[in-house]
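Next come the chains, spelled out residue by residue.
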Amino acid sequence: MTNPLHRLCSLLLFIFFISTGVAQESMVSIEGTWINSQQFTAVDSTDFKVDSLRFFNGNFESFKADGTVASGNYSLANNQLNLHYYQPKAVTSIFDVQSLTNDGLVIENSQYRYAFESKTAPLETTAVDPVDSKASFAIDPSNGLGFTFESFYRGVIGIVFILGVCFLLSANRRKIDWKLVGTGLFLQIVFAVLVLEVDWVAAGFDAVSKGVVNFLNTAEAGADFVFGKLIDPSASMGYIFAFKVLPTIVFFSAFTSLLYYLGILQKIVYAFAWVMSKTMRLSGAESLAAAANIFIGQTEAPLVVKPYLEKMTKSEILCLMVGGMATIAGGVLAAFIAFLGGDSDAEKVIFTKHLLTASIMSAPAAILIAKMLFPEDAPEKIDRKLNISKDKIGSNVLDAISTGTTDGLKLAVNVGAMLLVFTAIMAVVNWGLGDLIGAPTGLNGWIADSTDGRYDSFSMQYIMGNLFSPVAWLIGVPSEDIVSVGQLLGEKTILNEFFAYGSLSTLKNTGVLTNYRSIVISTYALCGFANFASIGIQIGGIGVLAPSQRKVLAKFGIKALIGGTCAALLTATIAGMLFG
């Protein structure tokens, strides 16, 4: 039998050579003039029938046969070409680069496929007008990227602030293991640098993200069969959410259950747990629970360490709770991807990469935050053995899928119901604030004028945005977007992450968020279950598995909420440092 270590090394070498080939292919410059040699569309449209393209100094111009010229800037990364138009109107077109050589360029998206030939003679050009930042499309990856001195010192301020809060709230400041804290930060930074800055690692992670998106798109066959034409991409967000996003949660829950029954998920969890156990000197139960939280939910992850729950120390229990609030489950990951990516596979890949990175980075963040809030009294006495529970989900494959489907259905109904209720409550509260207070006092008009129409009345969004805007600035959000991101942080904490990601999707699509870095930091900061409802979920879910720990769970509810929030903010701060 082949040694597993040999197989792992072979896989890593394969990924390295593949990603190296991708990187070398992308070294061919796209700058120059390209003449259209072939064009066909998947739909009957004339919006983007281009005869030639010219790329120069980060800008581009497109020419049509009737003499119409459009212009803007472009970005090319990981075989994805983003064309950001500024004239005649501000729109963005995203293409996958199928081929780029010195002689030819082939680009494609869901509507168009173009094949261009290189032309050495320059085309007559027009000047590109200065860009109004308010007109730029928020998903523009060239707006706000790059490691800079400003991003560095803003990140340092954010890290010091978050760790300072945890230090002040610590149950025993003298017992804080600063070596563990430093190791946790180191793991976060190293992983972020590898995924976001090292080309061949980023290419490999992009490939994984594309695989996840393709997998989820394929899995939509079930929803297509059941709902048919009800799934209309041109319909409202609520319509798409009901008939496209919620079914994805059900499927992903069933698929995760199948992986657990087959023992595949346990092996992946064990690998992550082994790394954290060896580097951060954790107990076996803590490491396994933290690793499991990356892939499954805050009530399912404790099943991995069910035999140890009754004997866990208070520090271990808090670490379990903070880990559950700081990360997300696979089922909701699929929902968030659909929220943020919409119908664009290219955007889905972008946000899949960020969401996966955020969930993995938040695991060590949750540990270091928990160990600051409640340090271990006798770390030398903890059990460091890594023994995963052998309990299966279901008696056979079909039973496992059925059980996962049922759990996913409950989760989907719960998510839909929460959004329905919280959205309605928010609307009622905003009606009271706007119509009963803001209108008679003239406050609505003042708010509309002072925010340039971003908020048109006195509302909970306006209150939360200003209340949490200092926190948004501390974690590195550009100044022009701190109120909007503060709103998202408030919605996530007071309501839930689904409502907040829905708001982020709206702010992104409407161009309210003007800087791509703000969108990225928000994606990381909202990636977790840290809200008031999760306190009850954890007390109820974990309390059933370990009744003797119920009082400890109730006592640590608010502390776990603070810890989960700080862990997500720490991850967002580190990611923001690298995006500059």
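Residues numbered from 1 in each chain as written. Predicted model: local features only at pLDDT ≥ 70, side-chain atom pairs only at ≥ 80, totals over all residues. Heavy atoms only, no water.

A.B. asks: Help me get a handle on the overall build of the protein chain, residues and values and all.
C.D. replies: Counting secondary structure elements, the protein chain contains 20 helices and eight strands. Taken across its 580 residues, the protein chain has 52% of its residues classed as buried. Contacts in the protein chain between residues far apart in sequence, at least 24 positions, make up 71% of those at least 6 positions apart. Carbon and sulfur atoms provide 63% of the accessible area of the protein chain, an area that totals close to 25900 Å². (Helix = DSSP H or I, 4+ residues; strand = E, 2+ residues; numbered from the N terminus. Buried < 20%, exposed > 50% of the residue type's maximum accessible area, 1.4 Å probe, protein only. Contact = heavy atoms within 4.5 Å. Areas by Shrake-Rupley, 256 points an atom, 1.4 Å probe, with all protein chains shown as cover.)

A.B. asks: So what's going on with the nonpolar core? Which residues, and what values?
C.D. replies: The nonpolar side chains of a soluble globular protein tend to be buried with one another. Counting 118 residues, the largest nonpolar core has Ile369, Leu489, Tyr501 and Leu570 as the members making the most contacts within it. Top element by residues in this core is helix H11 (residues 345–373). It accounts for 16 residues. Sequence-distant contacts of leucine 570, defined by excluding residues within four places in its chain, comprise Ile159, Ile162, Leu185, Gln188, Ala365, Leu368 and Ile369. Judged by nonpolar contacts, the second largest core, of 19 residues, contains Trp34, Phe55, Leu83 and Leu105. (Core = buried A, V, L, I, M, F, W, Y, C linked by side-chain atoms within 4.5 Å.)

A.B. asks: Mind laying out the environment of valine 106, listing which residues take part and the relevant values?
C.D. replies: The topology assignment puts valine 106 in strand S7 (residues 104–108). In sequence terms valine 106 and asparagine 36 are 70 residues apart; their C-alpha atoms lie 9.7 Å from each other. Not counting residues within four places of it along the chain, the set of residues in contact with valine 106 comprises Asp96, Val97, Gln98, Ser99, Arg113, Tyr114 and Ala115.

A.B. asks: Residues and numbers for the pattern of salt bridges, please.
C.D. replies: Following the criterion strictly, the structure yields four salt bridges and no others. Note that lysine 371 and glutamate 376 form a salt bridge whose closest N and O atoms lie 3.6 Å from each other. Residue glutamate 376 is classed as buried on the basis of its relative accessible area, which comes to 13%. Each of Glu286, Lys371 and Glu376 takes part in salt bridges that share partners, so that together they form one network. (Salt bridge = Lys/Arg side-chain N within 4 Å of Asp/Glu carboxyl O.)

A.B. asks: Talk me through the state of the cysteines; I want residue IDs and the actual numbers.
C.D. replies: Evaluation of the coordinates by the stated rule reveals zero disulfides. Cysteine 166 carries a free sulfur, and the closest cysteine sulfur to it, the one in cysteine 566, is 4.0 Å from it. With relative accessibility at 0%, the residue cysteine 166 sits in the buried group. (Disulfide = S-S within 2.5 Å.)

A.B. asks: A description of the confidence of the model for the protein chain should follow, citing residues and the corresponding values.
C.D. replies: Of all residues in the protein chain, 76% attain a pLDDT of 70 or more, and the chain-wide mean is 76. Note on residues 41–47: pLDDT is under 50 here. Beyond four places in sequence and across chains, it has ten contacts. Here residues 120–139 is modelled with pLDDT under 50, and outside its nearest four sequence neighbours on either side it reaches 35 contacts, counting other chains as well. (pLDDT = per-residue confidence, 0-100.)

A.B. asks: Tell me about helix H16 (residues 497–509), and please be specific about residues and values.
C.D. replies: Helix length check: H16 (13 residues) gives 18 Å between terminal C-alpha atoms against 18 Å at 1.5 Å per residue, within 8%. Most of H16 is tucked away, with eleven of its 13 residues classed as buried. Residues Glu497, Phe498, Phe499, Ala500, Tyr501, Gly502, Ser503, Leu504, Ser505, Leu507 and Lys508 constitute the buried set of H16. The backbone nitrogen of phenylalanine 498 lies 3.1 Å from a side-chain oxygen of the residue at the head of H16, namely asparagine 496. Positive backbone phi, approximately 75°, marks glycine 511, located one or two places after H16. (Expected span 1.5 Å × (residues − 1). Polar contact = N/O pair within 3.5 Å; in protein donor to acceptor, adjacent residues only side chain to side chain.)

A.B. asks: So what about the packing of aromatic side chains? Which residues, and what values?
C.D. replies: In total, this model carries six aromatic pairs according to the counting rule given. Ring geometry for phenylalanine 95 against tyrosine 114: centres 6.4 Å apart, planes inclined by 70°, an arrangement best described as edge-to-face. With phenylalanine 95 in strand S6 (residues 91–100) and tyrosine 114 in strand S8 (residues 112–119), this pair connects stretches of sequence that are 19 residues apart. The class for phenylalanine 95 is buried, based on a relative accessible area of 1%. Owing to a relative accessible area of 0%, tyrosine 114 belongs among the buried residues under this scheme. Here tyrosine 114 and phenylalanine 116 contribute two aromatic rings whose centre-to-centre distance is 5.6 Å and whose plane-to-plane angle is 15°, an arrangement assigned as stacked. We classify phenylalanine 116 as buried; its relative accessible area is 3%. An aromatic cluster is built from Phe95, Tyr114 and Phe116, whose rings are joined through pairwise contacts. (Phe/Tyr/Trp six-rings, centres within 6.5 Å; stacked < 30°, edge-to-face > 60°.)

A.B. asks: Got a sec to walk through helix H7 (residues 264–280)? Specific residues and values, please.
C.D. replies: For H7, which comprises 17 residues, the first-to-last C-alpha distance of 25 Å matches the rise-based estimate of 24 Å (1.5 Å per residue) to within 8%. Every buried residue of H7 is accounted for by Leu265, Gln266, Val269, Ala273, Met276, Ser277 and Met280. Projection of H7 onto a plane perpendicular to its axis shows the buried side chains occupying an angular sector of 100°, all on one side. Facing away from the buried side of H7, by more than 90 degrees, are the exposed residues Lys267 and Lys278. Arginine 281 lies just past H7 and shows a positive phi near 55°. (Arc of directions from axis to C-beta.)

A.B. asks: Give me the side chain of glutamine 188: which residues, what numbers.
C.D. replies: Summarising the element assignment, glutamine 188 is placed in helix H3 (residues 178–197). Here the side chain of glutamine 188 touches threonine 571 through a polar contact of 2.9 Å, side chain to side chain. Once residues within four sequence positions are removed from consideration, glutamine 188 is found in contact with Met361, Pro364, Ala365, Leu368, Leu570, Thr571 and Ile574.

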